[in-house]
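Okay, here's what each chain looks like letter by letter:
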Amino acid sequence: TNKMAPWYEEAEFYHIYPIGLTGAPRKNESEETVHRFSTLEQWLPHIADLGCTAIYIGPLFESTTHGYDTKDYKQVDRRLGDNADFAAYVKKAHELGIKVVVDGVFNHTGREFFAFRDIQEKREQSPYCGWYKGIWFGGNTCYNDGFSYEAWRNCFELVNLNLQNQQVRDYLLDVIDFWIDEFDIDGIRLDCADCLDFGFMEQMRARTSAKKQDFWLMGEVIHGEYTRWVNSETLHSVTNYNLNKALWSGCNEHNFFEIAHTVKRLYDMGGCHYRNLELYSFADNHDVERIASKIINKDHLGVIYTLMYTLPGIPSIYYGSEFGIEGKKEQGSDASLRPHLEL
């Protein structure tokens, strides 16, 4: 069978953090919708000129602050625009031959999500008590809710969903159907995939593949045996943090053995074949410092990108890094890694 490779195996990605890039306010406090997709559209020809064939666009759906504290999974964040704006953006990207992958934040919701609000209001009587992990009416939180719950890394603005509850799974699977129907997206990058329930990921893979044949699922995974996630049952790909670390520290320390060792380990992990392990490669992203800030000798930037593009994997450029911009974490804040840029 001489079937063409799916688009994602050949893709070169451009990664955008939209709240940052457009200069939107970091807190979602205004009632009005501000249309900023025109800014994002200005970047599309540039992205095409770079040779990128896909965009991974960070959190887009209505949230309270940074986008990962979802308030409404079916509404584009009013700081960026409305649903029609995003649908038009995807259409323009598609016209340029660029696929669009969005952030799916399914491990947790924000505190303004309707199910959490219902529990705050109705307490034990809420039908949504089983939607979250560890709801306990004998406890309390820093927000003085009068009950406690499990939060992502004890960040209490992020309430952990109970993905073993089929009602929650069905709700989220319907949300994904809605995104495909409404916006014609081509894939999802799963936030905190290393925390997600495997049964949920299996249902998601079956549902999305049936709905859109070449739909791509990529998970954010930091450490571990990547084949637990990347296989025919769960996800197509995960973030290759192993290679990311090897690239910059190997170049900084002239330790190319570290890079070779990592590549060999990934090869072995794929059952001595890279075809089985199509990982997502990156030099930097919205969670780590810009590669231009991490590299001691700036002349090595070319080496890092050459390795990233030529080693097996799906290469990705984080917006602005093609210009060699810098960015360091300041007082634990990621703000400077997600800057407002004008093309």
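That block above? That's the structure.
In this report, we go over the structure that sits alongside the text.

The rules behind the values
All residue numbers refer to positions counted from 1 along the written sequence of the respective chain. A pLDDT threshold of at least 70 governs which residues receive local features in this predicted model, and a stricter bar of 80 or more applies before side-chain atom pairs are shown or counted, although totals over entire chains, interfaces and linings include all residues. By convention in this description, side-chain values take in all heavy atoms of the structure and omit both hydrogens and water. Think of each axis as a best-fit line through the C-alpha atoms, taken over the contacting stretch in the case of a helix, with angles from 0 to 180 degrees between the N-to-C directions. Runs of H or I in DSSP of at least four residues are treated as helices and runs of E of at least two as strands, each being numbered from the N terminus. For this classification, under 35 degrees means roughly parallel, over 145 means roughly antiparallel, 65 to 115 means roughly perpendicular, and everything else is oblique. By the definition used in this description, the sense in which the near helix is turned from the far one sets the handedness, with an anticlockwise turn below a right angle giving left-handed and a clockwise turn giving right-handed. The criterion used for residue contact is that any of the two residues' heavy atoms lie within 4.5 Å. Polar here means any residue outside two lists: the nonpolar Ala, Val, Leu, Ile, Met, Phe, Trp, Tyr, Cys and Pro, and the charged Asp, Glu, Lys and Arg; Gly therefore counts as polar. For two strands to count as paired, DSSP must find a minimum of two bridges between them. The term disulfide is used for any two cysteine sulfur atoms that are within 2.5 Å. Any residue under 20% of the maximum accessible area for its type is buried, any over 50% is exposed, and the rest in between are partly exposed; the area is computed with a 1.4 Å probe on protein chains only. Only Phe, Tyr and Trp rings are paired, with Trp represented by its six-membered ring, and only when their centres lie within 6.5 Å; those with planes under 30 degrees apart are stacked, over 60 edge-to-face, the remainder tilted. Two limits define a charge over a ring: the Lys NZ or Arg CZ must be within 6 Å of the ring centre, and within 35 degrees of the ring normal. Residue count minus one, scaled by 1.5 Å, sets the expected span of a helix. What the arc measures is the spread of directions leading from the helix axis to the C-beta atoms. Within 3.5 Å is the distance limit for a polar contact, defined as a pair of N or O atoms, with the added protein rule that one can donate a hydrogen and the other accept it, and that residues adjacent in sequence qualify only through two side-chain atoms.

### What to know about the packing of helix 7 (residues 166-183) against helix 8 (residues 198-211)
Now for step 1: Where helix 7 meets helix 8, the axes come as close as 11 Å, and the angle between the chain directions of the two elements is 30°. The angle between helix 7 and helix 8 places the two elements in the roughly parallel class. Regarding helix 7 and helix 8, the two cross each other, and that crossing is right-handed. In contact with Gln166, Arg169, Leu172, Leu173, Asp174, Ile176, Asp177, Ile180 and Asp181 of helix 7, helix 8 contributes Gly199, Phe200, Gln203, Met204, Arg207, Thr208 and Lys211.
Now for step 2: Here the residues of the contact of helix 7 with helix 8 sort into six nonpolar, four polar and six charged.

### Re the sheet that holds strand 13 (residues 314-318)
Now for step 1: If you trace the eight strands from one edge of the open sheet to the other, you get 11-10-9-5-2-1-13-12, paired in parallel fashion. Both edges of this open sheet fall to strand 11 (237-238) and strand 12 (280-282), since each of them pairs with a single strand only.
Now for step 2: Inspection of the sheet shows strand 10 (residues 216-219) paired to strand 11 by two bridges, in the parallel sense. When the sheet's bridge partners are listed, glycine 219 is paired in strand 11 with valine 238.
Now for step 3: Packing of helix 5 (residues 83-95) onto the sheet brings it into contact with strand 1 (13-16), strand 2 (54-57) and strand 5 (99-104), and relative to strand 5 it is tilted by some 140°.

### Overview of the state of the cysteines
Now for step 1: Evaluation of the coordinates by the stated rule reveals zero disulfides.
Now for step 2: Sulfur of cysteine 129: no disulfide; nearest cysteine sulfur belongs to cysteine 142 and is 19 Å away.
Now for step 3: With no disulfide partner, cysteine 195 has as its closest neighbouring cysteine sulfur the one in cysteine 192, 4.8 Å distant.
Now for step 4: What makes cysteine 195 partly exposed here is its relative accessible area of 36%.

### Considerations on the packing of aromatic side chains
Now for step 1: Applying the stated criterion to the full structure yields 35 aromatic pairs.
Now for step 2: Ring geometry for phenylalanine 137 and phenylalanine 147: centres 5.6 Å apart, planes at 55°, overall tilted. Pair noted here: phenylalanine 137 is in the loop between helix 6 (114-122) and strand 7 (151-152) and phenylalanine 147 is in the loop between helix 6 and strand 7, with a separation of 10 residues, a long-range link.
Now for step 3: Between phenylalanine 178 and phenylalanine 183, the aromatic rings sit 6.2 Å apart at their centres with planes inclined by 85°, giving edge-to-face as the arrangement.
Now for step 4: Since its relative accessible area comes to 2%, phenylalanine 183 is described here as buried.
Now for step 5: The ring of tyrosine 319 has arginine 290 lying over it, and the distance from NZ or CZ to the ring centre is 5.2 Å.

### Structural notes on helix 8
Now for step 1: A rise of 1.5 Å per residue sets the reference length of helix 8, with its 14 residues, at 20 Å; its end C-alpha atoms lie 20 Å apart and thus fit the reference within 8%.
Now for step 2: Restricting attention to buried positions, one finds in helix 8 the residues Phe200, Met201, Met204, Arg205 and Thr208. For helix 8, the angular spread of buried residues about the axis comes to 140°, placing them on one side. Along helix 8, the residues that are exposed and aim more than 90 degrees away from the buried face are Ala206 and Ala210.
Now for step 3: For helix 8, the secondary structure elements touched by its buried residues are helix 7, strand 9 (187-190) and strand 10.
Now for step 4: Sitting at the head of helix 8, aspartate 197 places a side-chain oxygen 2.9 Å from the backbone nitrogen of glycine 199.

### Brief notes about the sheet that holds strand 7
Now for step 1: With respect to topology, three strands assemble into an open sheet ordered 6-8-7, the strand pairing being antiparallel. The strands lining the two open edges of the sheet, one partner per strand, are strand 6 (108-109) and strand 7.
Now for step 2: Strand direction decides the pairing type here: strand 6 and strand 8 (residues 155-160), joined by two bridges, are antiparallel. Bridged to threonine 109 within strand 8 is valine 159.

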